[in-house]
Amino acid sequence: MPAVSQAISLPLEEMVAQEGSCWNPGCAVILPPGVGVDVVEEGLAAFCTKWSGTVCLPSTEARAPRRTGMQAVDTDTGPSVEGKHCSPSSKPLGGPGISSLLFCLAALELQSVNWQTTDNGQAHHTDKFFSQELIVRRGQLFYMSVTLYRSLSHRDVTFTASTGPYPSESTKTKAVFPLSDKISGTGWGAQLMYNKNNVLSISILSPANAPIGRYTLSIHISSEGNYSTLKLGTFILLFNPWLQADSVFMSNHDEREEYVQEDSGIIFVGRTSYISTIGWNYGQFEEGILNICLSLLDNSLNFRRDPVNDVARRDDPQYIGRVLSAMINNNDDYGVVAGNWSGNYTGGQDPRNWNGSVEILKKWQISGFRPVRYGQCWVFAGTLNTALRCLGIPSRVITNFNSAHDTDQNLSVDVYYDPRGWPMDKGSDSIWNFHVWNEAWFERTDLSPSYSGWQVLDATPQEMSQGVFQCGPASVIALREGNVDWDFDMPFVFAEVNADRITWIYNAWTGGLKKNFSDPYLVGKNISTKAVGSNTRVDVTENYKYPEGSSQERQAFEKALRKLKPYVTFRATAAERLSTEELKPSISGKFKITGALTVGKEVNLALMFKNLTSDSKTVMVNMTAWTIVYNGKLVHEVWKDSVTLTLGPEEEIQHPVKIAYALYEKYLKADNMIRATAMCQVADETEVVVERDIILDNPTLTLEVLDQVQVQKPVTVKVLFSNPLDEMVMDCKLMVEGSGLLLDSLKIDMPTLHPRQQSYVDFEILPTRSGTKQLLANFSCNKFPAIKGMLSIKVNK
């Protein structure tokens, strides 16, 4: 008796009652492995027109409930029983609707299906997925075999492949194709490779532009005037960056390995003069992640509004990318992550604590698709990167330093201070120390072919696009050329890397507003991504814009401004970069770091002044320091001071600034950022605003592997942490994640640490895949919200 995995059972009384039925009392009809069964609403769902070796279980093994219809029974959980043949019957079951039933016993001429998942997985570069289901890429042959109980001409066989809840041939979500001697054309096709010993070996081809998603494959058998249909099972079809005919084709091998196959990476954060990294576990191949990424599409607004059109449009990576950029945030739909930049993360998790996408996506699914709290830009970008790579779209994470958030599309960002030098939360524009988005690689069929390649997608909910918080795809090449009137969201992304910063002095007592300074070169610095094959930083700024101050850069900006001017809303200013003459100040100033910047220590700066004239100058200086979130949001003022200084002709002096730990410790957020500002006033001259954001270093979290690392061999990892403070740290927690190293994330409670005390914890990992893997750890406590550790581990076979 062949191996079986499912059975269809009918109550004993119903079997006996059917005149001319093909069952012996108590029999259960056995299906081959992987064959699915649909429960039909009315009457008996199984019938036969002809017998050829149907296998049954003895009545003592029947496990059917008393109900009409049929039910799948897992025979693997019961005892193995030798089969017997049911009595044949020449009279088929009758009754209304029988001819339309999806399943009939004639189809049980098919004994088993071999999806050849191992060989197909290797050929289609899907063997890394932690899944038993067949996963293939579009436009590429995959192979399977079916074993029959008797010989059958292949000319009697056709297949149906369908996807979505309402498949149809007109929307290209359903295809019916014969089993033939040769596949012709570029559509769906099936070719008989050989027919021997009742085994049909078949190759199946999908179109290179087929909608991606989960497909049902059914076989239709026509034999001696009888016709039957059987669902063989399901498979998942993905984009194919290895295939030139696919719109996501990427020709470079090393880039494909990095942007599709790499399941971990680093993300650049910090500020222009202090770029640092955090590790991120993309984990696109981990168990369940592919199903979750398909659920993203099925939970989108587009699918819920028009499922037929949505599924049909899943052939287009441009469409998929835009839908995913909306679904990763939760602002309009059943999206994944709730954003929070308040500095107060009660009711959720500090965004800095996440190590990767896997835990986030699983939390979203387990909760019934409720948003996971909380995320910020790198969390949205890291999670979107997982979804894009998982579905087969090459993608990478991009960090833009000094990133503008221009809310009114006038290519300027307005920043306000009061006369005392206090930053004002006025207006909706802002400049983020850094902002993280994604680039995805595909053709732009709606634009000229020269604008294909990298496309910006941004899942961080900043501004609505077509009524939804989504952003992109925006062609990187088109951005550089200033084509801001093209799809999608080009003005917003162009401003992120090109806008002017306009500084204003606002007097609340008089309502007076005075322009102080315009900086055309502050925004869009050090645009960064991870290098192919290493963790080094690659600067891609010149992909987005020509060198600052060059004639090409100037032309692109003027072109963008001309295209936007008809739509500009005039607030404090429209972009005045092209015509404004500004008064030159007589002094200059800047903040200089004079000591180590470490959490728990005093912050030591010097305010440097230079007299630019041959006359003496008296300067009134108002200084403040605020803790901030990385997007520039003010948290709390922690220090202020005022001083009057005199500078001789062309003299340079410095004024010390000291901010004690006791002043900032309660208000410092996980970004560890403090903004120091000085408003410098010389009588009868324009004010000089001096500003600097500083980042304090966390203590080190050290990870060590204590043995050689091999696949399926447990190994111990040690994590070391030293408390650098002169006070206790409590509520210590360690979170660890790593694809190919841990099946799930670890959460470990650590003991309270006394002042200057060192602590360590051991835990075990079990590698499941060879190669270089990345282990990521996050330590948090009441004094340090997020301390990151990362270790690259070489896993031997």
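Residues numbered from 1 in each chain as written. Predicted model: local features only at pLDDT ≥ 70, side-chain atom pairs only at ≥ 80, totals over all residues. Heavy atoms only, no water.

Engineer: Would you mind going over the side chain of Glu737 with me for this structure?
Structural biologist: Note that Glu737 resides in strand β38 (residues 732-737). In this structure, Glu737 is buried with no salt-bridge partner, the nearest side chain bearing the opposite charge being Lys747 at 7.4 Å. Filtering out sequence-adjacent residues up to four positions away, Glu737 remains in contact with Asn281, Asn355, Gly356, Ser357, Val358, Glu359, Leu742, Ser745, Gln774, Leu775 and Leu776. (Helix = DSSP H or I, 4+ residues; strand = E, 2+ residues; numbered from the N terminus. Buried < 20%, exposed > 50% of the residue type's maximum accessible area, 1.4 Å probe, protein only. Lys, Arg positive; Asp, Glu negative; His and termini not counted. Salt bridge = Lys/Arg side-chain N within 4 Å of Asp/Glu carboxyl O. Contact = heavy atoms within 4.5 Å.)

Engineer: Mind showing me how you'd approach the sheet that holds strand β31 (residues 617-628) here?
Structural biologist: The pairing of strands in a sheet happens through backbone hydrogen bonds and is either parallel or antiparallel. Read across the sheet, four strands follow the order β32-β31-β34-β35 without closing on themselves; strand pairing throughout is antiparallel. Edge positions in the open sheet fall to β32 (634-647) and β35 (688-695), since each of these has one partner strand only. The average angle at which neighbouring strand axes cross in this sheet is 15 degrees, direction not considered. (Pairing = 2+ DSSP bridges. Axes fitted to C-alpha atoms, helices over the stretch in contact; angles between N-to-C directions.)

Engineer: Sorry, what's going on with the pattern of salt bridges here?
Structural biologist: Considering all chains together, one arrives at 27 salt bridges under this definition. Note that Lys530 and Glu258 form a salt bridge whose closest N and O atoms lie 2.9 Å from each other. Taken together, the residues span a long stretch of sequence, with Lys530 in strand β27 (residues 525-530) and Glu258 in helix α3 (residues 253-261) at a distance of 272 residues. This pair shows no difference in class: Lys530 is buried, exactly as Glu258 is. For Arg322, the salt bridge identified is with Asp489, shortest N-O distance 3.0 Å. With Arg322 in helix α7 (residues 317-327) and Asp489 in the loop between α10 (476-481) and α11 (490-498), the pair connects residues that are 167 residues apart, well separated along the chain. Judged on exposure class, the residue Arg322 and its partner Asp489 are both buried. Within the structure, one salt-bridge network assembled from shared partners comprises Asp263, Glu286 and Arg769.

Engineer: What is the right way to look at α7 in this model?
Structural biologist: An α-helix turns once per 3.6 residues; consequently, residues spaced three or four apart project the same way. Most of α7 sits inside the fold, with 11 of its 11 residues counted as buried. Taken together, the buried positions of α7 are occupied by Pro317, Gln318, Tyr319, Ile320, Gly321, Arg322, Val323, Leu324, Ser325, Ala326 and Met327.

Engineer: Explain the sheet that holds strand β36 (residues 701-705) to me, please; I cannot follow it from the model alone.
Structural biologist: Read across the open sheet, the three strands follow the order β36-β37-β40; overall the sheet is antiparallel. Lying at the two open borders of the sheet, with one neighbouring strand each, are β36 and β40 (758-765). The sheet shows a mean angle of 20 degrees between the axes of neighbouring strands, taken without regard to direction. One ladder, built from eight bridges, connects strand β37 (residues 715-722) with β40; its direction is antiparallel. Bridge pairing links Lys718 to Asp762 in β40.

Engineer: Would you explain the pairing of strand β23 (residues 453-457) in this entry?
Structural biologist: Look at any regular strand and the pattern is simple: side chains alternate between the two faces of the sheet. Judged by how many residues are buried, β23 sits mostly within the fold: five of five residues are covered. The pairing of strand β22 (residues 430-442) with β23 spans five bridges and is antiparallel. Looking across to β23, one finds that Phe442 is bridged to Gly453. The pairing of β23 with strand β24 (residues 474-475) spans two bridges and is classified as antiparallel.

Engineer: Looking at this model, I keep getting lost on the nonpolar core. Mind explaining?
Structural biologist: Looking at soluble globular proteins, one finds that nonpolar side chains tend to be buried together. Ile267, Leu290, Leu324, Trp378, Leu391, Phe434 and Tyr630 are the most contacted members of the largest nonpolar core, which has 63 residues in total. Ranked by residue count, the leading element in this core is helix α9 (residues 377-391), at 10 residues. Excluding residues within four positions of it along the chain, Leu391 makes contact with Ile212, Leu238, Phe239, Leu290, Cys293, Leu294, Leu297, Ile320 and Leu324. In terms of nonpolar packing, the next biggest core, distinct from the first, is built from 61 residues, Val638, Leu647, Ala676 and Leu775 among them. (Core = buried A, V, L, I, M, F, W, Y, C linked by side-chain atoms within 4.5 Å.)

Engineer: Before we go on, may I ask you to explain the environment of Ser642 in this structure?
Structural biologist: Relative to the assigned elements, Ser642 resides in strand β32. Those residues in contact with Ser642 that lie beyond four places of it in its chain are Val621 and Asn622. A polar side-chain atom of Ser642 sits 2.8 Å from a polar atom in the side chain of Asn622. (Polar contact = N/O pair within 3.5 Å; in protein donor to acceptor, adjacent residues only side chain to side chain.)

Engineer: Got a minute to help me understand the pairing of strand β18 (residues 372-375) in this structure?
Structural biologist: Taken together, the three bridges between strand β17 (residues 337-339) and β18 define a ladder with parallel strand orientation. Within the sheet, the bridge partner assigned to Gly339 lies in β18 and is Gly375. In this fold, β17 hands off to helix α8 (residues 357-366), which returns the chain to β18; that crossover is left-handed. (Right-handed = clockwise from strand over helix to strand, strands pointing away.)

Engineer: Explanation requested: the packing of α7 against α9 in the structure shown.
Structural biologist: When two helices pack together, their arrangement is captured by the angle between the axes and the distance separating the axes. The N-to-C vectors of α7 and α9 enclose an angle of 150 degrees; their axes lie 10 Å apart at closest approach. The pairing of α7 with α9 is recorded here as roughly antiparallel in orientation. As for the relative orientation of α7 and α9, their crossing is right-handed in sense. Where α7 abuts α9, its residues Ile320, Gly321, Leu324 and Ser325 lie against Leu384, Ala387, Leu388 and Leu391. Of the residues belonging to the contact of α7 with α9, the class tally is six nonpolar, two polar and no charged. (Parallel < 35°, antiparallel > 145°, perpendicular 65-115°, else oblique. Left-handed = near helix turned anticlockwise from the far one by under 90°. Nonpolar A, V, L, I, M, F, W, Y, C, P; charged D, E, K, R; others polar.)

Engineer: Would you mind showing me how to read a nonpolar patch on the surface here?
Structural biologist: The grouping of Leu141, Tyr143, Met193 and Tyr194 at the surface amounts to a nonpolar patch, some 360 Å² of accessible area in total. With respect to the helices, strands and loops of the structure, Met193 is situated in strand β11 (residues 189-196). Residue classification places Met193 among the partly exposed positions, given a relative accessible area of 40%. (Patch = residues over 30% accessible without salt bridge, like charges linked within 9 Å, V, L, I, M, F, W, Y side chains within 5 Å. Areas by Shrake-Rupley, 256 points an atom, 1.4 Å probe, with all protein chains shown as cover.)

By themselves, these figures tell us nothing about what the structure is for.
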